[in-house]
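Secondary and tertiary structure notes
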Amino acid sequence: LSEKRPKEGGWTKAAVEAQALSAREVVDRYKEALRKRCQVYSALLTGSELSHEYHLRRFCVFENKVLNQTEDDEGSSGSARGAPRPKGVPRCFLEYDKALRAVEGLSLGPPPKGEDPAQWSARQRKMERDECLARFWAEYMGFCRVRKCPVFQFPLKSALDRIRENDWESTILLLKPFPQLRALTILLAWDNTGNDYGKKRALIQHLWTNE
């Protein structure tokens with residue numbers, strides 16, 4: 001269902017190889033995970049009545065443990081490379097951001113005959129982004145179920161907490177799947193900046209101007 005997590009003191013071979021994936025491989029692997037999860041649920045539910053409930057419960061326990069983890073709990077590939085690690089950001093947000101970056105780097109090839117290259121490329125990338133968003137929502141709804149948190153409350157409250165700590169990287173990651181929350185986040189965070197006009201400017205710059 002997911003690659004083996006890095007053990008203390010080292011990374012698994014699969015995790016190391018994942019760092020060298022092309023943009024297309026990153027996007028395809030991200031979308032493939034949802035299909036495999038659906039296969040697991042289907043397989044569990046087609047067993048005998050005496051066994052499938054037990055296995056489904058065991059699977060849910062495992063899935064809940066994974067979904068309940070954040071990068072603070074399990075470590076991240078960024079920390080393995082020496083890069084700063086986003087604080088308290090669930091894995092599904094980080095993987096979604098990575099997939100979106102890969103989409104922008106995709107080589108789409110030549111458009112079909114008669115198609116405008118720019119318009120065709122824009123449509124193809126939008127389709128890829130939409131598929132990535134569908135995968136994100138599948139994981140995020142499971143995360144909300146496990147954490148017992150309202151769907152929009154978690155990113156909003158977490159983003160406000162990160163803003164108070166000037167952690168703009170984590171703030172942007174948390175709001176990336178929820179662009180409709182950016183204006184509300186700015187409004188709720190505005191009074192907390194007091195008379196610090198530098199922070200007000202950073203708030204607008206990070207959450208609005210650069211998006």
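Below you will find a few notes about this structure.

1. Regarding the overall build of the protein chain
- Along the protein chain, the regular secondary structure elements total 11 helices and zero strands.
- From first element to last, N terminus to C terminus, the protein chain shows the α and β order α-α-α-α-α-α-α-α-α-α-α.
- Buried positions account for 36% of the 211 residues belonging to the protein chain.
- Pairs at least 24 apart in sequence give 60% of the contacts found in the protein chain among residues at least 6 apart.
- Summed over its atoms, the accessible surface of the protein chain is roughly 12,900 Å², and 55% of this surface lies on carbon and sulfur atoms.

2. Some thoughts on the packing of helix 10 (residues 182-190) against helix 11 (residues 197-209)
- The interhelical angle for the contact between helix 10 and helix 11, taken along N-to-C directions, is 170°, at an axis separation of 10 Å. Considering their axes alone, helix 10 and helix 11 lie roughly antiparallel with respect to each other. Mapping the contact onto sequence places Arg182, Ala183, Thr185, Ile186, Ala189 and Trp190 in helix 10 and Lys200, Leu203, Ile204, Leu207 and Trp208 in helix 11.
- Across the contact of helix 10 with helix 11, the residue classes break down as eight nonpolar, one polar and two charged.

3. A look at the pattern of salt bridges
- For the coordinates displayed, the defined rule picks out 11 salt bridges.
- Note that lysine 126 and aspartate 130 form a salt bridge whose closest N and O atoms lie 3.0 Å from each other. With lysine 126 and aspartate 130 both in helix 7 (residues 117-147) and four residues apart, the pair spans about one turn of that helix.
- Relative accessible area serves as the criterion here: at 38%, aspartate 130 is assigned to the partly exposed category.
- Here lysine 157 and aspartate 161 are joined by a salt bridge, their closest N and O atoms 3.6 Å apart. Linking lysine 157 with aspartate 161, this pair stays in helix 8 (residues 153-164), spanning four residues, or about one helical turn.
- Accessibility expressed as a relative area gives 49% for lysine 157, which makes it partly exposed.
- In this structure aspartate 161 comes out as partly exposed when scored by relative accessible area, which is 21%.
- Salt bridges here are not isolated pairs; linked through shared partners, they connect Arg91, Glu95, Arg135 and Glu139.

4. A short note on the packing of helix 6 (residues 91-104) against helix 7
- The N-to-C vectors of helix 6 and helix 7 enclose an angle of 170°; their axes lie 10 Å apart at closest approach. What the angle tells us is that helix 6 and helix 7 run roughly antiparallel. Of helix 7, the residues touching helix 6 (which contributes Arg91, Cys92, Phe93, Glu95, Tyr96, Ala99, Leu100, Val103 and Glu104) are Arg125, Glu128, Arg129, Cys132, Leu133, Arg135, Phe136, Glu139 and Tyr140.

5. Overview of helix 7
- Between its first and last C-alpha, helix 7 extends 44 Å over 31 residues, near the 45 Å set by a 1.5 Å rise per residue.
- Taken as a whole, helix 7 has its buried residues at Trp120, Arg125, Glu128, Cys132, Arg135, Phe136, Glu139, Tyr140, Gly142, Phe143, Cys144 and Val146.
- Where helix 7 starts, the residue carrying a side-chain oxygen 3.2 Å from the main-chain nitrogen of alanine 118 turns out to be aspartate 116.
- Immediately beyond the C-terminal end of helix 7, within one or two residues, lies lysine 148, with a positive phi of roughly 55°.

Conventions we followed
Residues numbered from 1 in each chain as written. Predicted model: local features only at pLDDT ≥ 70, side-chain atom pairs only at ≥ 80, totals over all residues. Heavy atoms only, no water. Helix = DSSP H or I, 4+ residues; strand = E, 2+ residues; numbered from the N terminus. Buried < 20%, exposed > 50% of the residue type's maximum accessible area, 1.4 Å probe, protein only. Contact = heavy atoms within 4.5 Å. Areas by Shrake-Rupley, 256 points an atom, 1.4 Å probe, with all protein chains shown as cover. Axes fitted to C-alpha atoms, helices over the stretch in contact; angles between N-to-C directions. Parallel < 35°, antiparallel > 145°, perpendicular 65-115°, else oblique. Nonpolar A, V, L, I, M, F, W, Y, C, P; charged D, E, K, R; others polar. Salt bridge = Lys/Arg side-chain N within 4 Å of Asp/Glu carboxyl O. Expected span 1.5 Å × (residues − 1). Polar contact = N/O pair within 3.5 Å; in protein donor to acceptor, adjacent residues only side chain to side chain.

Everything listed here is a matter of geometry and, on its own, says nothing about what the molecule does.
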